[in-house]
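Single-letter residue listing:
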Amino acid sequence: MSEQPKNRISVDIYGQTYTMLGTESTTHMRLVASTVDNTMREIKQANPSLDSTKLAVLTAVNSVNDSLKLKEQLVLLEEELKKLKD
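### Side note on the nonpolar core
What tends to happen in soluble globular proteins is that the nonpolar side chains get buried as a cluster. By size, the foremost hydrophobic cluster in this structure holds ten residues: Ile-9, Val-11, Ile-13, Met-20, Met-29, Ala-33, Met-40, Ile-43, Leu-50 and Leu-55. When residues of this core are traced back to their parent elements, those giving at least two are β1 (7–13) and α1 (26–46). Here Met-29 is in contact with Asn-7, Ile-9, Met-20, Leu-21, Gly-22 and Glu-24, once residues within four sequence places are set aside.

Printed below as a string of structure tokens:
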């Protein structure tokens, strides 16, 4: 079984440079980094007193919350689709 080639890129997230390594396209990885950066900036604007650690944790919490909601919606849509097929 061959492994997918990995892409390595440098991205800027909230003023820090990070190296990302993954099998996704570089366009996708840049979009992920940009989304994280934008979310951090939005949270910081609403909560100016947050330090970078708390800001990062709130960004992660918001991202996981969004992901869980999308998974729930997917399950409901799959169930609805299954009912329509039966």
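Now that the structure is up, let's keep going.
### Overview of the side chain of Asp-37
Within the secondary structure layout, Asp-37 lies in helix α1. In this structure, Asp-37 is in contact with Asp-12, Ile-13 and Tyr-14, ignoring residues within four places of it in sequence.

### Regarding α1
With 21 residues, α1 extends 30 Å from end C-alpha to end C-alpha; this agrees with the ideal 30 Å at 1.5 Å per step. Taken together, the buried positions of α1 are Met-29, Ala-33, Asp-37, Thr-39, Met-40 and Ile-43. Projected down its long axis, α1 carries its buried residues within an arc of 160°, all on one side. Residues of α1 that are exposed and point more than 90 degrees away from the buried face comprise Thr-27, Leu-31, Glu-42, Gln-45 and Ala-46. In the core, the buried residues of α1 are packed alongside β1, β2 (16–22) and α2 (52–85).

Rules of the game
Residues numbered from 1 in each chain as written. Predicted model: local features only at pLDDT ≥ 70, side-chain atom pairs only at ≥ 80, totals over all residues. Heavy atoms only, no water. Core = buried A, V, L, I, M, F, W, Y, C linked by side-chain atoms within 4.5 Å. Buried < 20%, exposed > 50% of the residue type's maximum accessible area, 1.4 Å probe, protein only. Helix = DSSP H or I, 4+ residues; strand = E, 2+ residues; numbered from the N terminus. Contact = heavy atoms within 4.5 Å. Expected span 1.5 Å × (residues − 1). Arc of directions from axis to C-beta.

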